[in-house]
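These are the residues of each chain, in order.
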Amino acid sequence: MHSMKKDEKIKLLIISSLVVLFMILLFFYVSKDDDDANLSSDTSNQNISRPSGDKFARDFARDIDSIISSFGIKKEWMKETAAKDKDLKNKPGQLIISKEIFIPPDVQTIDLNFEISDYLRKINYDARVTEDPKSKNILMNIFTGNDSSGKQIGSLKFVYLDSLKRNAASVCIVLDSLDYNDLADVEKIISSTEDFSVMLPLRNDKADYQSLIIDKKRNFLVEFLVGTGDDIESDFNDDMKESAWKSKVRTVAINFPQAAGIILSVKDGTDEFANEVSNEFTKNNLKVYKDTLFTKYKTGVDKVGLLLDDIITKSKGGAKFLFYNVNLNPGEFSDYIREINTLKKLGYKFLDFSDMMKKINKPG
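Q: Describe in detail the packing of aromatic side chains, supporting the description with residues and values.
A: As enumerated under the stated definition, the model contains 15 aromatic pairs in all. Its guanidinium or amino end placed over the ring of Phe236, Lys248 lies 5.2 Å from that ring's centre, counting from NZ or CZ. Sitting over the ring of Phe71, Lys345 keeps its end group 4.9 Å from the ring centre.

So, in structure tokens, the structure goes:
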């Protein structure tokens with residue numbers, strides 16, 4: 001009997017232990033589920049679309065200002081505003097940013113709208129834009145895109161003002177020495193949709209390059225060196241018979257009547273003769289310019305970087321029209337095409353030689 005009671009106690013103890021163990025395991029299982037649920041909730045809330053606080057407000061306003069400034073819009077053309085009730089959609093509240101921005105006539109609001117909207121999408125915000133059909137001014141209201149309440153956190157008004165002008169020059173790039181590259185590479189360059197001009201190679205063995213440039217209707221110039229009789233590199237020298245150099249001028253006019261211009265590089269002491277040559281080209285309906293038209297700038301390994309730096313520097317210094325005679329290989333030309341987009345946004349205009357001259361000579 002005593003042994004039976006002892007066995008029952010042991011069984012009871014074992015059952016109690018199992019119950020306690022079960023309760024402990026159940027507790028940890030439930031706790032883990034709660035922790036996982038909290039972790040999942042926290043992770044979902046770590047999206048960059050849910051920032052808040054003063055730091056975010058400062059960063060957000062700074063990013064918007066940076067985008068606007070990248071279009072050459074000056075800080076003094078922007079002003080803080082207090083949004084009117086009629087400008088606020090859904091629930092009015094404290095706006096992170098509210099500005100009126102005056103813009104020059106040559107700024108495309110569609111480009112501004114695209115870049116700001118693209119930035120907002122990346123942080124999961126939303127922009128609702130309305131355009132005045134008459135003035136083309138736009139109002140951009142900014143909302144928390146993933147917030148079911150659709151809370152407005154920003155307002156930007158872009159207003160055209162005719163008196164504003166961006167500090168950016170018009171630039172003409174003339175590519176020289178293309179015939180030192182493979183014809184296939186030159187064809188890719190010539191076929192670019194960008195506006196630029198080229199120097200036409202004149203050597204007889206470069207006829208295929210000449211044909212390519214002319215057939216592609218690329219704007220081109222022809223360059224000649226005017227020197228003295230003992231200068232074997234000169235295309236025209238002051239010892240040539242008048243009939244010989246005049247015949248040469250007529251041949252150029254007949255072969256390349258569509259040339260945008262003749263560039264004369266004049267050596268010291270031959271100015272008088274160079275003027276005679278220039279007048280003869282003019283009589284044959286070709287416009288003549290001296291090579292001093294081209295801007296001198298520092299060259300080096302980073303041709304494209306130095307070129308663009310010079311454009312910006314001289315533009316800031318007040319230059320309105322800049323001409324550059326440059327030698328770029330295919331890789332450098334690709335870099336150039338990519339890099340000038342930044343300058344275009346700032347308001348710089350890149351034109352071929354003919355269009356540049358039309359702009360310079362335009363009345364008013």
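Q: Break down the pattern of salt bridges for me, with residues and values.
A: Taken as a whole, this structure holds 21 salt bridges when the rule is applied. Ionic pairing is found between Asp65 and Lys99, a salt bridge with its closest N-O pair at 2.6 Å. Separated by 34 residues along the polypeptide, Asp65 in helix α2 (residues 54-69) and Lys99 in strand β2 (residues 97-103) bring together distant segments of the chain. Judged by relative accessible area, which is 22%, Asp65 ranks as partly exposed. The closest approach of N and O atoms between Glu100 and Lys79, which form a salt bridge, is 3.3 Å. Of the two residues, Glu100 sits in strand β2 while Lys79 sits in strand β1 (residues 78-80), which places them 21 residues apart along the sequence.

Q: Just give me the short version of unusual backbone geometry, but keep the residues and values in it.
A: In most cases, non-glycine residues show a negative phi, while peptide bonds are predominantly trans. Here Asn124, not a glycine, exhibits a phi torsion of approximately 60 degrees, which is positive. If you trace the backbone, Asn124 turns up in the loop between α3 (109-122) and β3 (126-131). Under the relative-accessibility criterion, Asn124 is labelled partly exposed at 26%. The backbone phi angle of Lys136 is positive, close to 70 degrees, even though this residue is not glycine. For Lys136, the position within the fold is in the loop between β3 and β4 (138-143). Classification of Lys136 as partly exposed rests on a relative accessible area of 41%.

Cut-off values and rules
- Residues numbered from 1 in each chain as written.
- Predicted model: local features only at pLDDT ≥ 70, side-chain atom pairs only at ≥ 80, totals over all residues.
- Heavy atoms only, no water.
- Phe/Tyr/Trp six-rings, centres within 6.5 Å; stacked < 30°, edge-to-face > 60°.
- Lys NZ or Arg CZ within 6 Å of the ring centre and 35° of its normal.
- Salt bridge = Lys/Arg side-chain N within 4 Å of Asp/Glu carboxyl O.
- Helix = DSSP H or I, 4+ residues; strand = E, 2+ residues; numbered from the N terminus.
- Buried < 20%, exposed > 50% of the residue type's maximum accessible area, 1.4 Å probe, protein only.

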